[in-house]
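Letter by letter, the chains look like this.
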Amino acid sequence: WIDHYLFIISSNNKQTKVTTLTMQQGFTVPQHTMEVHSVPQLYNEFVYLEDPVESVPTLNNLGVEAMEAEKYSDALDYFKRALYSIEDRFGSSELTSIACLQSQQQSFESSSSATSNSCPSSPKSVPQHEKNKNINQRREYDEGMKCCSDPVRMEGRLLELIDTREKAATVILFNLGQYCVRLHKDEEANECFVRALFLARCAAKSSPISVVSILHNIGYVQYRNSELEKALQTFNEALQYRHFADDLEFAAALNCIGVLYFHLPKSDTSKAMEYYNKSLEIRKERLGLFHKDVATTLNNIGRV
């Protein structure tokens, strides 16, 4: 039971006072103090307070594992259960697009089994020929647009930052956004990221997911739907949060802005070079000359 709770225990001759501080495998619970006459009584009071298998971090991490194994239906189930576990107002009923994801996922899996490993169709909001004109042009090279795209586990230092339900919800919504991106459900992905963004802005520097990372994903969804002007605005907004971000997140945003200037209908190559060089300077200093991200930016510069 000590694996799930951290206690401060103080004793006198008659009784033991126990203050619940935090769960090692969960987020902070409201601090309270109780008095018990023995450690066995303490065990009885707390051991069943929360099932570790159903704890928010465990459900989130199981969802991440399912995503990595491409078991998307399982991943969605874990993430939705994690949201319900936090609080009713973070349940899927509050997320209008997520509410219908289960049926969409089942439909996707059926079509996938019938067509081997074919990709799901592109969002209806963008004509297919327009989408192909832009995206196929970029598939020949990795331009570094898809950064900050790994689902996030609640563990280690990040778990220590999750001391409110809102912060836990930020992580789960971010992961749901990644889930939707992988299934090409861009409208739903955008909704998840926008909700995560609101919570991350409220938490500021203490957010477990940085504002820059979330904006990066919003910009990426816009980019792959050929909404280049919107994506440019989003990545420029990300630059305003440099003091909340790691240098490498900031460098990734700079690189993406360069890519967008390069791909605008009226390409602005001088602007593209300006942002590529800023990104390259940071990446070389932090990563060295032989890192793949440095190579990506150098490749982008070479194309200009």
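All figures in this text were calculated on a predicted structure; none of them were measured in a lab.

Definitions and cut-offs
Residues numbered from 1 in each chain as written. Predicted model: local features only at pLDDT ≥ 70, side-chain atom pairs only at ≥ 80, totals over all residues. Heavy atoms only, no water. Core = buried A, V, L, I, M, F, W, Y, C linked by side-chain atoms within 4.5 Å. Buried < 20%, exposed > 50% of the residue type's maximum accessible area, 1.4 Å probe, protein only. Contact = heavy atoms within 4.5 Å. Axes fitted to C-alpha atoms, helices over the stretch in contact; angles between N-to-C directions. Helix = DSSP H or I, 4+ residues; strand = E, 2+ residues; numbered from the N terminus. Parallel < 35°, antiparallel > 145°, perpendicular 65-115°, else oblique. Left-handed = near helix turned anticlockwise from the far one by under 90°. Nonpolar A, V, L, I, M, F, W, Y, C, P; charged D, E, K, R; others polar. Expected span 1.5 Å × (residues − 1). Phe/Tyr/Trp six-rings, centres within 6.5 Å; stacked < 30°, edge-to-face > 60°. Salt bridge = Lys/Arg side-chain N within 4 Å of Asp/Glu carboxyl O.

What follows deals with the nonpolar core. Taken as a class, soluble globular proteins show a tendency for nonpolar side chains to be buried jointly. Among the nonpolar cores identified, the biggest contains 71 residues, and Met-154, Ile-172 and Ile-214 are the most heavily contacted of them. For Ile-214, the residues in contact, after removing those within four places along its chain, are Thr-170, Phe-174, Phe-193, Ala-196, Leu-197, Ala-200 and Ile-209.

Contact geometry for helix 11 (residues 247-263) and helix 13 (residues 292-303): axes closest at 11 Å, N-to-C directions at 20 degrees. Here helix 11 is positioned roughly parallel relative to helix 13, judged by the angle of their axes. Crossing of helix 11 against helix 13: the hand is left-handed. Contacts between helix 11 and helix 13 involve Asn-255, Val-259, Phe-262 and His-263 on the former and, on the latter, Thr-297, Asn-300 and Arg-303. Considered class by class, the residues forming the contact of helix 11 with helix 13 number 2 nonpolar, 4 polar and 1 charged.

Turning next to unusual backbone geometry. Phi is positive for Glu-70, close to 60 degrees, though the residue is something other than glycine. Relative to the elements of secondary structure, Glu-70 occurs in the loop between helix 2 (56-68) and helix 3 (72-86). Here Ser-226, not a glycine, exhibits a phi torsion of approximately 65 degrees, which is positive. Within the fold, Ser-226 resides in the loop between helix 9 (211-224) and helix 10 (228-239).

This paragraph deals with helix 12 (residues 269-287). Between its terminal C-alpha atoms helix 12 stretches 25 Å, which fits the 27 Å expected from 19 residues at 1.5 Å a residue. What helix 12 keeps buried is the set Ala-272, Tyr-275, Tyr-276, Ser-279, Leu-280, Ile-282 and Arg-283. Check the buried side of helix 12 and you find it contacts helix 10, helix 11 and helix 13. Of the residues trailing helix 12, Gly-288 is marked for its positive phi of about 90 degrees.

Looking now at the environment of Ile-86. One can find Ile-86 in helix 3. In the structure, Ile-86 is positioned 78 residues away from Thr-164 in sequence and 9.5 Å away in space, judged by C-alpha atoms. In this structure, Ile-86 is in contact with Val-56, Arg-165, Ala-168, Ala-169 and Ile-172, ignoring residues within four places of it in sequence.

With that settled, consider the packing of aromatic side chains. Counted by the stated rule, this structure contains 4 aromatic pairs. Measuring from centroid to centroid gives 5.8 Å for Tyr-261 and Tyr-275, while their planes differ by 20 degrees, and the two rings are stacked. Of the two residues, Tyr-261 sits in helix 11 while Tyr-275 sits in helix 12, which places them 14 residues apart along the sequence. A relative accessible area of 14% means that Tyr-261 is categorised as buried. Take Tyr-275: its relative accessible area is 10%, and that puts it in the buried class.

Time to look at the environment of Leu-254. Within the element layout of this structure, Leu-254 appears in helix 11. On the basis of relative accessible area, Leu-254 is assigned to the buried category, the value being 4%. Spatially, the C-alpha atoms of Leu-254 and Phe-235 are 7.9 Å apart, while their sequence positions differ by 19 residues. If sequence neighbours within four positions are ignored, Leu-254 has contacts with Leu-239, Tyr-275, Lys-278, Ser-279 and Ile-282.

Considering all chains together, one arrives at 14 salt bridges under this definition. When the shortest N-O distance is used, the salt bridge between Asp-163 and Lys-167 registers 2.9 Å. Classification of Lys-167 by relative accessible area gives buried; the value is 9%. Between Arg-224 and Asp-186 there is a salt bridge, with its nearest N and O atoms 2.5 Å apart. With a gap of 38 residues between them, Arg-224 in helix 9 and Asp-186 in helix 8 (residues 186-203) connect regions that are remote in the sequence. Of the residues examined, Arg-224 reaches a relative accessible area of 8% and is grouped as buried. Of the residues examined, Asp-186 reaches a relative accessible area of 6% and is grouped as buried. Ionic contacts of the salt-bridge type, sharing partners, join the residues Glu-65, Glu-68 and Arg-153 into one network.

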